[in-house]
Every structure is written in structure tokens, then in C-alpha cells.
Amino acid sequence: MKKIEIITRPEKLEEIKAIVEKLGQYSMTVSMVSGCGLQKGRKEVYRGVEVSINLLPKVKIEMVVGADKVDMIIDNVCKVAQTGEVGDGKIFVYNIEEVVRIRTGEKGTVAI
Amino acid sequence: MKKIEIITRPEKLEEIKAIVEKLGQYSMTVSMVSGCGLQKGRKEVYRGVEVSINLLPKVKIEMVVGADKVDMIIDNVCKVAQTGEVGDGKIFVYNIEEVVRIRTGEKGTVAI
Amino acid sequence: MKKIEIITRPEKLEEIKAIVEKLGQYSMTVSMVSGCGLQKGRKEVYRGVEVSINLLPKVKIEMVVGADKVDMIIDNVCKVAQTGEVGDGKIFVYNIEEVVRIRTGEKGTVAI
Amino acid sequence: MKKKILLLVLTVLVFVAFSTVAFAEGEEATYEFSAVDTVWVLVAGFLVFFMQAGFAMVEAGFTRAKNASNIIMKNMMDVAIGSIAFWAVGFGLMFGADKLGLVGSSWFFGSVSTSSWAEFGITIPFEAFMLFQTVFAATAATIVSGAMAERTKFSSYIIYSFVISIVIYPIVGHWIWGGGWLNGLGFTDFAGSTVVHSVGGWAALVGASILGPRIGKYNKDGKPNAIPGHSITLGALGVFILWFGWFGFNPGSELAADGALGLIAMTTNLAAAAGGVTVMFITWVRYKKPDVSMTLNGVLGGLVGITAGCAAVDMVGAVFIGIIAGFFVVFGVEFVDRVLKVDDPVGAVTVHGICGAVGTISVGLFAVDGGLFYGGGIELLGIQALGVVAVAAWTMGTAFVLFKTIKAVVGLRVTKEEEEVGLDIGEHGTEAYGDFQIKTPSMFI
Amino acid sequence: MKKKILLLVLTVLVFVAFSTVAFAEGEEATYEFSAVDTVWVLVAGFLVFFMQAGFAMVEAGFTRAKNASNIIMKNMMDVAIGSIAFWAVGFGLMFGADKLGLVGSSWFFGSVSTSSWAEFGITIPFEAFMLFQTVFAATAATIVSGAMAERTKFSSYIIYSFVISIVIYPIVGHWIWGGGWLNGLGFTDFAGSTVVHSVGGWAALVGASILGPRIGKYNKDGKPNAIPGHSITLGALGVFILWFGWFGFNPGSELAADGALGLIAMTTNLAAAAGGVTVMFITWVRYKKPDVSMTLNGVLGGLVGITAGCAAVDMVGAVFIGIIAGFFVVFGVEFVDRVLKVDDPVGAVTVHGICGAVGTISVGLFAVDGGLFYGGGIELLGIQALGVVAVAAWTMGTAFVLFKTIKAVVGLRVTKEEEEVGLDIGEHGTEAYGDFQIKTPSMFI
Amino acid sequence: MKKKILLLVLTVLVFVAFSTVAFAEGEEATYEFSAVDTVWVLVAGFLVFFMQAGFAMVEAGFTRAKNASNIIMKNMMDVAIGSIAFWAVGFGLMFGADKLGLVGSSWFFGSVSTSSWAEFGITIPFEAFMLFQTVFAATAATIVSGAMAERTKFSSYIIYSFVISIVIYPIVGHWIWGGGWLNGLGFTDFAGSTVVHSVGGWAALVGASILGPRIGKYNKDGKPNAIPGHSITLGALGVFILWFGWFGFNPGSELAADGALGLIAMTTNLAAAAGGVTVMFITWVRYKKPDVSMTLNGVLGGLVGITAGCAAVDMVGAVFIGIIAGFFVVFGVEFVDRVLKVDDPVGAVTVHGICGAVGTISVGLFAVDGGLFYGGGIELLGIQALGVVAVAAWTMGTAFVLFKTIKAVVGLRVTKEEEEVGLDIGEHGTEAYGDFQIKTPSMFI
Ligand SMILES: Nc1ncnc2c1ncn2[C@@H]1O[C@H](COP(=O)(O)OP(=O)(O)O)[C@@H](O)[C@H]1O
Ligand SMILES: Nc1ncnc2c1ncn2[C@@H]1O[C@H](COP(=O)(O)OP(=O)(O)O)[C@@H](O)[C@H]1O
Ligand SMILES: Nc1ncnc2c1ncn2[C@@H]1O[C@H](COP(=O)(O)OP(=O)(O)O)[C@@H](O)[C@H]1O
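In this report, the structure presented in the accompanying data block is examined. (Residues numbered from 1 in each chain as written. Chains lettered and ligands numbered in written order. Predicted model: local features only at pLDDT ≥ 70, side-chain atom pairs only at ≥ 80, totals over all residues. Heavy atoms only, no water.)

### Things to note about the overall build of chain A
Per the secondary structure count, chain A includes 2 helices and 7 strands. Overall, chain A shows an N-to-C arrangement of helices and strands of β-α-β-β-β-β-α-β-β. Computed over its C-alpha atoms, the radius of gyration of chain A comes to 17 Å, more than 25% above the 13 Å expected for a compact globule of 112 residues. Principal axes of the C-alpha set define a box for chain A whose edges measure 60 × 25 × 20 Å. Considering chain A as a whole, with its 112 residues, one finds that 62% of them fall into the buried category. Residue pairs in contact within chain A that sit at least 24 positions apart in sequence constitute 70% of those at least 6 positions apart. Accessible surface for chain A amounts to roughly 4,200 Å². Of this, 50% is attributable to carbon and sulfur atoms. Charged side chains of chain A number 18 positive and 16 negative; the gap between the two group centres comes to 3 Å. (Helix = DSSP H or I, 4+ residues; strand = E, 2+ residues; numbered from the N terminus. Rg over C-alpha atoms; globule rule 2.2 N^0.38 Å. Buried < 20%, exposed > 50% of the residue type's maximum accessible area, 1.4 Å probe, protein only. Contact = heavy atoms within 4.5 Å. Areas by Shrake-Rupley, 256 points an atom, 1.4 Å probe, with all protein chains shown as cover. Lys, Arg positive; Asp, Glu negative; His and termini not counted. Charge placed at Lys NZ, Arg CZ, Asp CG, Glu CD.)

If you want it as C-alpha cells, here you go:
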């Protein structure tokens, strides 16, 4: 079992959600984060003083899936999330040792 | 060392906190997330337009613990967090390769 | 590839950001979390009723880096984030199995 | 069901409407008109109207984000329903032709005949007086929403709000301001510490105790927990608005632009200030740090306290009344919270009920003319106490019957699930702050 | 470019300034002065000014956090630019010497000669009247910002705001209040359901439809999505402020402190209340839960509706007008959203345009003197309808030309990227709520 | 310690209370009473009172969420403590019997004898005048809280607030409005550009510079960083409230309902508008995007600027004064921030101090009667400049002694830890926005 963690532009959330649902993946956990990377933020002027905004809003989407589905999901997500500009973000994959569904107590792959 | 990540209903946070403290686990990191899964959200009407709320508020609780305590904690958390309705959430377990306590620089199990 | 997850005092974020940039690490993802540990919170009085604040605001900084850089980064972060008081927080290290840069589709170490 | 109610309401309106139109026609104005008095009373009435915004902000700010739309909606409906109900019936029960010193019996649906208005003997058009009285009625109604916040069913609240505006408040009003029995005894409540605020406060007490505390307010051992509000800035804005509006509430109650207005404005302002300063110092000593939301309550307590006597006491007396109200605010809130164990999220029972009573009685002590401390003996004091008790009894009695009936018939409280997720979603299918990340309560308690 | 505009504006100002100073000097006041009327009109004008705060809060509250600074800035500029433009030119076009019943032609830059003012025949100084009219003009201007919120370029909005204050509104104003042709026909719009609100509402309709909907508002199949506002509490505060301010808007339009003020205040209040209550019940039946933001619109609809007839109808009529406005609010919002497919984030077209028209026509039905239901026949009704149509045609026509021109010359809409990230950052390089964690919209839809 | 202070305060109050009651009795009113003047001054006073809500919202909105409760509390205490202090002592120092043109010496604790009031020669009750003056005093006091926000100890602030209301402000007031020496010279400050705003602004400058900048405001190389406020919507609401309240501040200062009111209201409005528009254009050109919070300051700058001359200049002059104030706002804020390196989070020094001085001097240029540009020569200009300098010297001198003393005795600034975690938790043990997820500042800088 693997966790796919997608960090990308907030406005892409809905499209990503739609595409993974088509792939049969309905479960996910979403949170707002701030990030920096190659994308360097902007400079703005506030009351005459320059401000550099170097952490930009990003959305983090976490999905725990069976190991076999990882590549397919990654490929599809890349497709919709790609704009080609810096700031598109990253996908990280972790190993998950155990999954428990709280409602039933089921463990392992069935619990995903 | 393992990380237990619990994603569940926000109103269960306090009970979970209480039960793991009884088990001697005092440390945790908590954040608010939004999630979807089998629980499909609600439909509401806003100014005459239907809105489907499909990401619901959840709380994410992260605890890094010694490998030996994982099962005990999971069992107890399941007990208090279970309502039997969809939306109870999941517990994920990850392997942690290293833990450092910033205050002292200690590493490994003692640092948990 | 490893993920370094730092949970520490919010006011240390900027110093940590500065030091890892010196080490050539420009990418990170930041979020606000609440935590408890050895640091036990405060007691306040609100309208005559005692309130114990037992989850305190912390910042979580996530960086995915090549395995070789982990120690160096940890050491340096500890240096700036240490106050010696309880509440300094923890650093956790995870293994990351795959990294994808969404913009280009690149995978693995080059994508970090 | 709801469709039928709607139809019914409309039919009744149509019916009465046309029957009253007849009344209102064909007469000539004969009361003595003063332009400056009319301007004064109207402007004061507008300020009192604006207090509704203050109540809405205080009550929303002092409760949680997940219930903010609901409390706003309750406040809005207090004015809207109250305005119509009071115009239709309440005004007549309050100021119409007296029956046995207990209730008025004419002037419904705005049908005030010119001759009867001329007899009333004030120098402004009856509609201007009606507007002024309408906004007072809405104030009495809206006090309760704060005490019953975060757990009351919306439909039940609507019923309550209708009943208090249409009958509970107007009858007290008649006793004291409409020529009723307390009026006859010489009871002094210039601008409504008792008529308006205590009525609201006692109804709030009864409502909140029948309703029970919010989930999580009391531990199993009865120890109260703090449930902080979601926006101190909005709460404070509300208090500033209320203080501002009180300059209409008190000086406006003179109903004429005469030489007394300045004194009334000064006593009002000094009592508010003294109430706030007193509470700030008490909480500083008692809780180690000056408590913000309690200090805001202190200002309101001072204002409620001076309302009865604002025209009867001097400026020094006003400062003392403010100080006294300040003490009652702090210990009143603790008393309600810990001894009565009634969960009153915004302190409405203390601020309006207790400080209203204390302020009314203080007139018996501080009135320049008749007050005990000014050599006036205890007669006035006795009458004031009698009035306070009578109004408390009437209000608590009727409110008890009202809330018990509502509880039995439609239920008073939302479900546990709805309370947890918040009344905004439960009752209105909406969120007050859709764009903001809300924390779960346990994250800060 | 911008520097040049700045210079140009300054030069023009300087030039006209000194040419008008000459005018304003050397004459003696000869109009009949009434202190109480002056106090009344000024206080009413201040209340109307304060409505700007109400509009700002409603519009900001009902839209998203990422555009809050921008909408605030637009509202602020409506008053600021409008005040100067109306003083300089608009006031003269509206009230200056009549040309052919179409437009005024004197009194620019405050150059009102004492003798011409004396002829105007009211009992307050011309500057007091000018202040009162200025805040009305600003109201008409500010209505549009809500409908065009969250996607309009700031620079284009500034141009629009300038043009409506300086010419579109004043000309309608001249027709109806300045001695123009509709005035001559007996068209009744006491405080501006048509003059102020419909003008704003129709301009909003044209602007919003030329501009197109916000990204994400309509699905490919044309189904509308809900885009909830970011702060119901601020939105509700805005409605309370507007209701409060309307007590200046309507009773103030009497322009004198006479016996009619009380009735006007009461009709205003009852219609607002009835509008709110009606919408609450309709949405409860129709959408299962009482809708908060729509109910707030209902109050405003009632207020807009009564504005034309507040002095001409009785209290019963006011309740009916409020109820009618309530129905039009609900079905109007749905109509604009679903049938016209015009994206109006705050409901401005419905509240101001539709309810303004409905209220104006209602005068023909409910006017005690001349209304159809009161035996007055259909003549007044016809005149009212004619006025509504004429003003709609003029406003939509000029607004169409204006917005199309702006679109062609400087562009009307921000880029897709800017709209997504928010106009606060895009247009002003700032965030309204820097300290708060903002959710991405998709997290709650 | 604190208990003792409390006791002491109470004792003093009781003592003086009863000594003054005696004074106030047994006399007959003999001043000439005008109902309409009284209504006017009171309503104006209420509007000025409401400006406190405006200050609270501006100051809270322009600073960070973690200090919002604290700033609210400071604003509330400015009014509360100020009201009592000014009634007790300040009013007497300001308007009591003159000593050497420097200070008043009677009328303490409201003990204004009827005969001395009749001599004062205005047509309203002394309490109405006192209320009007009280809210002015509170305005002067509250200006400072914004400049010293986010780092000042609460207890120290309370002491400051008490001292400015009880002595620093009243003495300036006596010089200019109470029959003192500047009054005698013909110095013109109609509504208080200098008396109220400059006093606040200069005290703010001294306070903020003794206090030092907030942590993180300046880099080691002295480069300033921006620390954005937490709620532009509340800040803007505050500005709208202040603009609204200014219609009481300026026209109310006429102290009678005469024919000048209209002009004063118009000049006030035009200067505000011109200030806002000017700053919008300047920031647009200078910083590429129109700056929201600076534009809001621009409106306030225009208002402060016109306050001295609102009754002495014509409408064209008012527009120019607004434009001039706009320029001073932008460059003043930059000057204070970069050259003086004084950290003034809300721009209070610039808006109240600098624009107050500029506005006062502008009277010497634009006064229709005596202004340089209107052929009046430089005499008035010289007197205006002298007054500005004298008041600045007095205020800065006394404020310097005051703040240095407070710093030495109780300390002026909170600890580094407390400043980082926020004054809400540090000083009051509370959070202003308990339900919202707050970001750490570094997440957006
Ligand atoms: N190595 C990393 N560790 C943690 N987060 C990262 C890392 N690299 C990128 N991110 C996250 O992804 C976001 C986008 O990264 P960026 O480098 O701008 O994207 P791109 O590679 O498409 O140019 C960042 O804001 C950050 O939140
Ligand atoms: N595979 C998954 N990956 C990530 N998050 C998940 C996954 N499954 C569930 N979740 C999280 O758990 C929450 C509850 O899931 P749900 O399926 O409704 O619970 P249950 O299994 O009890 O019915 C979701 O809202 C989501 O945040
Ligand atoms: N075992 C753990 N699992 C998850 N989070 C932890 C753990 N230990 C500490 N933390 C996080 O680190 C923060 C600081 O921990 P604390 O024990 O107070 O620090 P210190 O070890 O320096 O005294 C906590 O608030 C919590 O968010």
C-alpha cells in the first residue's frame, strides 16, 4: 500500500479530483499548505514598502492506494495538473505499512 | 519507530487525546484537513442553487511511537472513534527512519 | 530520497528557511499545525472560567531531499531551532519511494 | 404545513388590513405638533434601531463561527417579526385604552384615531412615537437570542420572538409606560432598565435554563468550561454600536427636545464608562489579567443600569450606578455560570436581567428627588423593588409557559449532531465563513 | 499615461476652481431658513452617507475573501470620486436651470447664486441640499460594484463610477426630481426607487452581462453553481447599516421636518420587515431551510420597494409592498441566475433593479391618493409604468454604450490568472486577511 | 498593589462626589435655551462618539490578528477612562475660569454653576456641551493607541490614556477653545485639526519612537519590512465610520443649528473625497498598483486636514486642502517609516499629526476671509503656524516626560516572548479569533 502525496496549485484540485474518481479512486484527504521551490514568489508594495511573498498557497492531496494503482494515478494527475510553468508542484510516494478502517476495524488492503 | 496517522471526525479529537494519554502517549501533532471517501457529503441549497459539499472537515492526528505500541494504540483509538457510520475515517501507519528532538539533539527511540 | 519533517515553533520558520537555503535546499512545504508533547500548554482565565490551552501552535516544514543531505540539514536546523526550552519540537525522517515533478514529468532524484 | 401557515398569515393580514384602513381615514390632526421634538424622537429611534446591529455583532462575536449565520438570522428576525407584530397588536396592548391597569385595548394595526392621539398629549405624530416604541420592543426580544445561542431550533426561536413582541413585552410596557398600575404607583423606569432589559434578561434566564447548556459547557462534575467566542473584534464593534445607540435609547425617551437631554446623555455616558472601568479593574485583580469580553459586558451593564434612572440621578450618581453595575456583571456572570449552572454564552442574563434590576432599584437610592441617599426616604426604593419583582414574576411566568409549550409541541433544541456540526449548516445549510479554515474546538481548549 | 491623467485632472480642477470662486461671492442670502429643517436634512444625509459602509460590507461579505480589498476599494472610490464629480457637474445637470425638460444647465462646481436658490423654494441652505443629493448619487453609483464583483478591472470600474455620477444618474434625477418631463407628468418617486435604485440596478444588469460570469459560476451545461460569500456576519452588518441608513434616505427626502416624517419612517420599517419575513418563509418552503443571505436580500428588497411610495401609502400598504418585494427577490434572483444567466454575486440587479421597478409601480396600486386599490383608477399606475420604462431604457442604453466603450478601449475584465488568484493580489498587491488560513474554493464546494 | 489602587480611586471618587453635589444644587437655569441647537449638538456628539468604533476597527484591522483583542481593549478604555477623567478634571481645565490664558480652574466634577454657564453664552445646556467635549477628548486620546500598537504594555497604556485626557489635551484645548492665549491671537482651528488631531498625532510620534519598532519591522540594515494588517474589511469599515462621524465632528463644532452647517458638511465631504482620490492616484503611479490601506489613510488625511478650516474655506478650497493632505499622507508615511524610522502600524502620526498641522496652516492660505490665496495677506498664516508650533512643542514635551516616566517606573513595552506570541494571550489570556486557523507571519512575508 502506498501513499501518493500531490502538492500543486489550488485551482487544480477539482480537476484532479474528477480524474482520479474516473480511475475509481474516491478517497482522499486535502489540506492547504504554503510552499516554495523553483517558483520564487512575487514582489508587491504595501504602503510604500516592498514585500516579497515567497511562500505561495498550494494544495496538498493525499491518497492511500494499492501499490498497483500508483503509476496510473500519477500519470493521470500529471496530465491535468501540468501547466508547464514553475509552481506546478510535486508528487511524492511513500510506503504505508498498515491501513485500518476505523468504522469496521478492517485492516490492510481491504481497508483502503 | 512508526508514525500513526489518524484521520477522523473532528469531534472525536478530545476523546482520542484522552485515551492515548492513558496509554502513556502524550505527544501528538494535530491539523485540520478536508476529506472524502465513502462518505459522500451533503447537498444544500444556497440562494436557490444546489451545492454539493463533497469535502468534509476531518481532523488529522499524527503520533510517532515505538513500533511495539502501534497495535495497542490503534485498537484503543478505534474503540473511541468508531460510530459505525461512514465517515469514521482511517488510520495509516508509516515507518519512520529517524527521530530527532530539537531541544537536545537526541536521536532515535529516546527522542520520541 | 528522504522526507525531513520538522515540527517546531512558528517564530523559527524564517531562520530555518534561511539556513537551509544556504545549504542549497530551496524547496519546502509549510503548514500550520497544533501540537502537544512535553510542553504542557498554559492556563488562562476567560470570563472567570479556567481554560487550559493544551494544543499549541506549531509549524510543520516538509522537505524532500537526497539521502546524502539529510544529516547536514538536520544538524543545521537543530542549531537555529534550539531554544533549550520544552516545545522546541521534533524532526522526523521518512523514506520516499518516488518523486515526480508535475511540470516536466521527471521522476526520481532529478525531480527533487 | 409551512405552506399553510404562510397562507394563513397572509389571509389574516389581508383581512385586518382592509378593516383598519377604514379606521385610519377621514379625520383631522389635532395634536400639538413640534418639529424639533419629532426630529429628536425619530433620530433617537433610528439610533435605537441601530442597536440591533450591535446586538447581532455582540452575540455573533461571542459565540462560535459555526453558529454565526444562525445567530445573525435570529437577530434579523427579531426586528422583522417584532416590527410587524408590535405594529399589529403589541402597540395597542401597550398604549391603547387602559383596561383595569393591566392592558391596553385599542390602536391595533396602526389605527390610532386623531382624537385619541391628541389626548395622549405628546407633541409628535403617533407614527413617530410608534416607530420609537417598535424599536424598543425589538430590543427586548433580541436579548434572548444571545443567552439561547448555539443550540436553539430556529423555528422555535421564531415562535418565541413573535410571542414576546406581541404580548409579553407590551403588557409589562403597559403597566409602566402605558398608564397601567405600576405607573400609577410612581414606579420610575425612565428608559426601560426594567421594561425592556429585565424583560429580555428574565426571559433569557428561563429560556436558557429550560434549554440546558451547550454540549461541552459543563464537565460531569459540574465544572464549567470556557467556550470562547469567534471574533472579539466584531463583539467589540457591537458594544460600540450599542453604546452609540443608547444615546437614542435614554435621551430619546424624554420624547421631547428639552433642557434635560444633556444631563441624560451625560449620565448615560458616565455610567457606561464607569461600568467598563470597574469590570476591567475587578477582572485584573481577580483573574490576574484584564478580561476583554467581560469588560465589554461591563460597559453594557453600566448602560443597562443607568437606563432607569438616567433622568433622575445626577452625574455623580451615574458614576456610582456604573460602578455598582460593574460589580454585578462580574459576580453575576460567575453566579449564573457556576451556581445556577445556566449556560448563557454572551452574559445576557447578567447584563440585562440582573443589571436591569439593580439599575431600577438604584433609582430608589440615587434619585436626586426621592432617592434614599439624597434624603428621600425609602418609599421610592420600595416601589422600585416592587416593580422589579412584579415584572420578574410576570416575565418568568409567561416565559416558562411559553418555552415549556414550545418544547412540548415543536421541540426547543437541535439534535446533538446538528449542534456539533453547527447550526449554520444544520438549520440553514450554509457556512458563515466559507473561505476560512476553521479549527475544531478541541484544538484550542 | 497615468501621470498625465493626474496632471490633466489637477489642471482642470484648478482652472474651474478659480472661475467659479468668482460666482459664489458677493451675494446676500435671501431664502427662508429653517434651523430644524436643516438639522433634519443634514442628519438624514449623514445616515445616507453611512449606507456606503453598508454597501461595502454587504458586497464584501457576499463575495470571496480573495477579492475583499478590491470591492472595498471600489466602494470607497464610488463615494470619493462620486462626491467630487457630482459637486462639479452632476448637481448642475440634475438641479440647474432646466433645458427642455431633459437636463439642468447651471450650478456647476457649487456656484449656486443666492437668488436662484431662493427660487428653488426650500428652507435649507443649498450646501445642505447638495450634501443630501451627493450621498444619493453615491448610492446609485455603488450598487453596480456588487453585481460586477470579483472580475472587473479596477481602472475600468473607476471610469464607470465617474461617468454614472457625473451624467447617467443626474439626468434621470433631473427628469424626476429636477423639474424635468417625468416630474411634469406627475410621476411619483418619493425617495428614489427608480431614480436611485433602478438606475443602479439596470446599470448593474448591463455591466454584469457584458462582463460575463465569474469562472466556475456556470457549468458547461449552463447549470449555475453557488459561490458562497466569505463573511455572513459582515454581510448582515451591512444590511443592518443599510436599514439604519434608509431612515435617512426615505424620511429625509421630505426635505423638511414636518408631520409626515413619522409615517414615512413607519412605512419604511414595515416594508423592510415584511420583505425579510416573506423571503424567510418562501425560502424555507422552497429550499427546505430558511436561506440567510437571501433573507438579508429580502430586507433590502422591501426597503427598495417602499422607497418610491413611502410617503404616499399607508402602513398596511407598506406591509403589502414589502411582501410583494419579498416574492420578487426570491424569484428575481432565480430568474437572473438561471434564465438570464447573468452572474450577480450579491443580487444587486434583483434588489435594486427589479424591486425598484416593482416598488415604483406599486405606488400606482397602493397610493392612498390615486392608487388603484384605493379607488384612484389606473392613471397614476400608467404614469408610474411609463417612468419605470423610460428610466430603464435610458439607463440600459447609456450603460451599454459606456461598458462596451470601456471594454473596447481599456478592457473590462481581469485575466483568468488574476481572477483565480484574486483581485486583491492582482489589482492591489495585497491580501485582505493576511493572518488567516484561506481555503481553496474547491475545498468547500 | 492593584487592590490598593482600586480602593484609592473609589475613595477619591466618593469624597469628591459628595463635595460637588452641594455645588450643583439650588440654582435656577438662566441661559438662553434653544431646542434645535441642543438636538443638533447632541446628535453631532453622538456621531463623534461613534468615531471611537471607527478608530477601533481601523487600528485592529491594520494590525495583526494576535493583537486584536488588546487594541480593542485599549480603544475601549480610552473612551471609558477618558470620559470619567475629562468629566472630573479635564473639562474644568479646558473651559473653567481662565488663569493667565494658560489653564481653566473651575467646573470640576460637573459643578458648573448656572450663572457661570449663562456667561459662557451658548444656547445649549452645559451637560450637552460637556458631552460634546468629552467625546472630543476621547478622540485625542485614542489616536495614540494605533501608533503604539502590538507592543505596548496594557498597564502603561492605561496610565498614558488617563494623563492625556486629564491634562495634556485639556490645556491645549484651553489655549485655543477655552479662552486661552492662542484664542486671543485669532488662531483658527474650527473643529480641532490642531487641538484634537495634532495633539494625538504628536503624542503618538513621541510614544512610538520611545517605544521602538515592532520585532521584525526593520532589518539590521534599517530597511523597513511591511507587516500587513489582518482585516482590510474591518479597517475599511472603520474608515467609513470615521467619515460618518466626522459629520458630527466638524458641523457639530458650530455648536448651533445655523445656516453655516451645510457648507461645513460639504467642505468636510469634499476634502475627504479629494484626499482619498489623490492618494489612490499617487500610489498607483508610485507603486504601480493603487494601495488600499494607504488610500483609506488618504480619506482620513483629508478629513483631518479640513477640520481646522471647514467653516472658513469654500468648497474649492476644501478640494485643494484634501489634495494637499493626500500628498502629505503618502510622503508622510514614507518619511516616518524610512527617515524617522518610527514604526507607526496604522499611520497615525502622518494622518493626525502631519495632516493636522498641514490643515491648520492651510487655513492661512485658503480662508475666504484672511487667507493668503484670497488676498488676506500673511498675518493669519503666521498665527496659524505659531499655533501649530506651540501645540507641537507642548504636546511633544509633556508626552516625552510622560512616556519616559512610565518607561522608567513600570516599563513601556511587553517582553519579546509576549510580543511574538501576541498581546492578546500575553496581556489578556485570550485570542480574538479562537475558531480560525491563524498563519504564522513568516508564511506570508
Ligand atoms: N523537495 C521538496 N520538498 C517539499 N516540497 C516541495 C519540494 N519541491 C517542491 N515542493 C512543493 O511543491 C511546490 C511547487 O514547487 P516548484 O518547485 O515551484 O514546482 P515546479 O517544480 O513545477 O517548478 C512548492 O511550493 C512546494 O510546496
Ligand atoms: N484511501 C484514502 N486515502 C486518503 N485519505 C482517506 C482514504 N480513505 C479515507 N480517507 C480519509 O478518511 C475520511 C473518512 O473516510 P470514509 O471513507 O468516509 O470513512 P469510512 O471508511 O469510515 O466510511 C475521508 O474523508 C478521508 O479524509
Ligand atoms: N511523538 C510525537 N509524535 C508527533 N508529534 C510530536 C511528537 N513529539 C513531539 N511532537 C510535536 O512536537 C511539538 C513539540 O514537542 P515537545 O515535546 O513540546 O518538544 P520538546 O521535545 O522540545 O520538549 C509538539 O507540540 C508536537 O506537535
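The structure having been displayed, the exposition proceeds.
### Thoughts on the site of ligand 3
In the neighbourhood of ligand 3, 23 residues make up the surrounding shell, with Thr29(B), Val64(B), Arg101(B), Leu38(C) and Lys90(C) lying closest. The environment around ligand 3 is built from residues contributed by chains B and C. Measuring from a nitrogen atom of ligand 3, one finds a backbone N or O atom of Val64(B) at 2.9 Å. In this structure, an oxygen atom belonging to ligand 3 sits 3.1 Å away from a main-chain N or O atom of Cys36(C). Starting from 550 Å² of accessible surface for ligand 3 in isolation, the protein chains cover 100%. For the shell around ligand 3, the elements supplying multiple residues, two or more each, are β2 (28–36) and β5 (56–65) of chain B together with β2 (28–36) and β6 (90–95) of chain C. Element by element, the count of residues in the shell around ligand 3 is highest for β5(B), at 3 residues. Grouping the constituent residues of the shell around ligand 3 by class yields 9 nonpolar, 8 polar and 6 charged. (Near = heavy atom within 4 Å. Polar contact = N/O pair within 3.5 Å; in protein donor to acceptor, adjacent residues only side chain to side chain. Nonpolar A, V, L, I, M, F, W, Y, C, P; charged D, E, K, R; others polar.)

### Some points on a nonpolar patch on the surface
Judged by side-chain polarity, Leu100(E), Leu102(E), Trp181(E), Leu185(E) and Leu386(E) come together as a nonpolar surface patch covering roughly 500 Å² of accessible area. Counting through the fold element by element, Leu100(E) comes out in the loop between β1 (98–99) and β2 (103–104). (Patch = residues over 30% accessible without salt bridge, like charges linked within 9 Å, V, L, I, M, F, W, Y side chains within 5 Å. Salt bridge = Lys/Arg side-chain N within 4 Å of Asp/Glu carboxyl O.)

### Overview of the site of ligand 2
Taken together, 22 residues sit near ligand 2, with Thr29(A), Val64(A), Arg101(A), Leu38(B) and Lys90(B) positioned nearest. Per-site note: the chains with residues close to ligand 2 are chains A and B. The separation between an oxygen atom of ligand 2 and a polar side-chain atom of Thr29(A) is 2.7 Å. The separation between a nitrogen atom of ligand 2 and a polar side-chain atom of Lys90(B) is 2.8 Å. Listing elements by their share of the shell around ligand 2, those giving two or more residues are β2 (28–36) and β5 (56–65) of chain A together with β2 and β6 (90–95) of chain B.

### Points about the nonpolar core
One finds Trp87(D), Tyr169(D), Trp87(F) and Tyr169(F) to be the most contacted residues of the largest nonpolar core, which totals 495 residues. Look past the residues within four positions of Tyr169(D) in its chain and what remains in contact with it is Phe86(D), Met94(D), Gln133(D), Phe136(D), Ala137(D), Ala140(D), Ile164(D), Trp177(D), Val195(D), Val196(D) and Val199(D). (Core = buried A, V, L, I, M, F, W, Y, C linked by side-chain atoms within 4.5 Å.)

### Quick look at the relation of the copies chain E and chain D
Mapping chain E onto chain D is achieved by rotating through 120° and translating by 0.0 Å along the same axis, at an RMSD of 0.0 Å. Expressed as an axis order, the relation between the two copies is that of a three-fold axis. (Least-squares fit on C-alpha atoms with pLDDT ≥ 70 in both.)

### Examining the interface of chain A and chain F
Accessible area lost upon the coming together of the parts is a frequently used measure of interface size. At the junction of the two partners, chain A supplies 12 residues and chain F supplies 23 residues. Carbon and sulfur atoms make up 50% of the surface buried where chain A meets chain F, a total of about 1,400 Å² over both sides. Of all residues in chain A, the largest losses of buried area upon contact with chain F belong to Tyr46(A), Arg47(A) and Val49(A), amounting jointly to 51% of the total for that side. If you look at where chain A meets chain F, you find 1 salt bridge. At the boundary of chain A and chain F, one finds 6 residue pairs in polar contact (both at pLDDT 80 or more). Elements represented by at least two residues in the side of chain A that touches chain F include exactly β3 (42–46) and β4 (49–53) of chain A. Per-element accounting of the side of chain A that touches chain F gives the leading share, 4 residues, to β4(A). Taken together, the residues that form the side of chain A that touches chain F break down as 6 nonpolar, 4 polar and 2 charged. (Buried area = accessible area lost by both parts, 1.4 Å probe.)

So yeah, pure geometry; function would need other evidence.
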